[in-house]
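Here is what each chain is made of, one letter per residue.
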Amino acid sequence: MQLIPCPWCGPREEAEYHYGGQAHIAYPDDPQGLTDQEWAQYVFFRDNPKGPFAERWMHSAGCRRWFNAVRDTATHRLLTVYRSGEPRPEVPTP
Amino acid sequence: MTADQLARVAITETPRLTQLSLRLDPAGSSSAPVAAVLGARLPTAPCTWAAAPEADLLWLGPDEWLLLAPPDTADLAPSLRHAIAPHFGTVTDVSSQRTAFDLTGPGAPDLLAHGCAIDLHPRSSPTGTCVQTLLAQTGVTLLVLDDAPQAPTLRLLVRTSFAPYLRSWLGDVASGT
Ligand SMILES: [Zn+2]
């Protein structure tokens, strides 16, 4: 089983984690002012790159903290993890 | 590890421990008054626990701890609430959420290795380790009470509703079935 490094607890089995989708999607500043189309973009539309992708994960069976990870979607390799609130680190392209 | 050593792991339940869930910012103003009540500062290193005069202090997250005290320690929660009141933080009595199983014997780490991926060798998990993980698909909090190779003692905190299942699982592994 793949090990995912929690920024608090260290490497743990993938089964201890929950996936949370794309990271760094800011809540709209003025939700009332959004058109239906913009609202749909915010709620439903996500990037789908092949390669490094910043995602949210939660260590649900451990410390139950959300954190961010950059994962290569082609290899399923976790390139880096960082605590929520921290900026996305530079990841050397493999 | 021989089957004999697994079979000789002593498994005892320590029920009805007083358990308090404590949430606060360790860098905030509530940290010092809480430490004064407990007689020690809360551990801030991830996945550790520390013994304090008033309770065992278990790190569960960067702003969350579980305090273990003997059964019916009725005065701890009110004193903590009193200390925290002018600041930001919460104290919740969660005593009935979990029960504790204590495993003692040289075979104890190997017994758990049948269903748990945590490396329980003293090199990785010395006395003072406190991890939340999965054991046989069940969420547990695992404490290394004593890492002495001749007689290690491990404590499992498990949700009350999962306790009969986990106790049977431990029995099955110990008896090799
Ligand atoms: Zn964690």
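Since we're looking at a predicted model, the values are computed, not measured.

**Some details on the overall build of chain A**
A count of helices and strands for chain A gives one helix and six strands. Going from the N terminus to the C terminus, chain A shows its helices and strands as β-β-β-α-β-β-β. Over its C-alpha atoms, taken along the principal directions, chain A stretches across nearly 45 × 30 × 20 Å. Relative to its full complement of 94 residues, chain A shows a buried share of 35%. By sequence separation, contacts in chain A at least 24 residues apart represent 42% of the contacts at least 6 residues apart. For chain A, the exposed surface amounts to about 6000 Å²; the carbon and sulfur share of it is 51%. The centroid of the 10 positive side-chain charges in chain A is displaced by 8 Å from the centroid of its 12 negative side-chain charges.

**Some remarks on the sheet that holds strand β8 (residues 130-135) of chain B**
All names here are of chain B. Spatially, five strands are ordered β1-β7-β10-β9-β8 in an open sheet, and the strand pairing comes out antiparallel. Both edges of this open sheet fall to β1 (10-14) and β8, since each of them pairs with a single strand only. Strand-to-strand twist in this sheet, taken as the mean axis angle between neighbours without regard to direction, amounts to 30°. Summarising the sheet, strand β7 (residues 98-104) and strand β10 (residues 153-159) pair through seven bridges and their orientation is antiparallel. Residue pairing in the sheet places A100 in a bridge with L157 of β10. Along the sheet, helix α5 (residues 163-175) contacts β1, β7, β8, β9 (138-146) and β10; its crossing angle with β7, the most-contacted strand, is approximately 15°.

**Topic: the side chain of B:S125**
With respect to the helices and strands, B:S125 occurs in the loop between α4 (108-113) and β8. Within polar-contact distance, the side chain of B:S125 engages the backbone oxygen of B:D119 at 2.5 Å.

**A short note on the side chain of A:R71**
Residues and elements named next belong to chain A. Here R71 is to be found in strand β5 (residues 66-72). Within the structure, the side chain of R71 is placed 2.7 Å from the side chain of E55, a separation counted as a polar contact. What R71 contacts, discounting residues up to four positions off in sequence, is Y19, G51, P52, F53, E55, W57, H76, R77, L78 and L79.

**Notes on the coordination of the zinc ion**
All names here are of chain A. Bound to the zinc ion on the protein side are C6 (SG), C9 (SG), H59 (ND1) and C63 (SG), at distances that span 2.0 to 2.4 Å. For the zinc ion, all donor residues lie on one chain, and their spacing in sequence is C-x2-C-x49-H-x3-C. Here C9 is found in the loop between β1 (3-6) and β2 (10-13), whereas its partner H59 is found in the loop between β4 (52-58) and β5, with 50 residues between them in sequence.

**Observations regarding the interface of chain B and chain A**
Frequently, the measure chosen for interface size is the accessible area that the parts lose on association. At the junction of the two partners, chain B supplies 15 residues and chain A supplies 11 residues. Summed over both partners, the interface of chain B with chain A comes to about 1000 Å²; 53% of that surface belongs to carbon and sulfur atoms. When the buried area of chain B at its contact with chain A is split by residue, B:P62, B:Q132 and B:L134 rank highest and sum to 41% of it. Scanning the region where chain B abuts chain A turns up three salt bridges. Here A:R65 ties to B:E64 by a salt bridge, and the two come within 2.6 Å at their closest N and O atoms. At the surface where chain B touches chain A, the tally comes to six residue pairs in polar contact (both at pLDDT 80 or more). Within the residue set of the side of chain B that touches chain A, elements represented by two or more residues are β4 (56-61) and β8 of chain B.

**Looking at the sheet that holds β4(A)**
Residue and element names in this part refer to chain A. As summarised here, the arrangement of the four strands in space is β3-β4-β5-β6, forming an open sheet in which the pairing is antiparallel. The open sheet has two edge strands with one neighbour each: β3 (18-22) and β6 (77-83). Here the strands of the sheet are splayed against their neighbours by 35° on average, with no regard to which way each runs. Inspection of the sheet shows β4 paired to β5 by seven bridges, in the antiparallel sense. Within the sheet, the bridge partner assigned to A54 lies in β5 and is V70.

**Overview of the domain arrangement of chain B**
Residue and element names in this part refer to chain B. Here chain B is described as being made up of domain 1 (3-11 + 100-175) and domain 2 (18-96). Relative placement of domain 1 and domain 2: their C-alpha centres are 25 Å apart. Taken together, the contact between domain 1 and domain 2 spans 12 residues of the former and nine residues of the latter. Where domain 1 abuts domain 2, roughly 840 Å² becomes buried across the two surfaces, and 61% of that area is made up of carbon and sulfur atoms.

Definitions and limits used
- Residues numbered from 1 in each chain as written.
- Chains lettered and ligands numbered in written order.
- Predicted model: local features only at pLDDT ≥ 70, side-chain atom pairs only at ≥ 80, totals over all residues.
- Heavy atoms only, no water.
- Helix = DSSP H or I, 4+ residues; strand = E, 2+ residues; numbered from the N terminus.
- Buried < 20%, exposed > 50% of the residue type's maximum accessible area, 1.4 Å probe, protein only.
- Contact = heavy atoms within 4.5 Å.
- Areas by Shrake-Rupley, 256 points an atom, 1.4 Å probe, with all protein chains shown as cover.
- Lys, Arg positive; Asp, Glu negative; His and termini not counted.
- Charge placed at Lys NZ, Arg CZ, Asp CG, Glu CD.
- Pairing = 2+ DSSP bridges.
- Axes fitted to C-alpha atoms, helices over the stretch in contact; angles between N-to-C directions.
- Polar contact = N/O pair within 3.5 Å; in protein donor to acceptor, adjacent residues only side chain to side chain.
- Donors = N, O, S within 2.8 Å, 3.2 Å for Na, K, Ca; no water.
- Buried area = accessible area lost by both parts, 1.4 Å probe.
- Salt bridge = Lys/Arg side-chain N within 4 Å of Asp/Glu carboxyl O.
- Domains from an automatic or database assignment.

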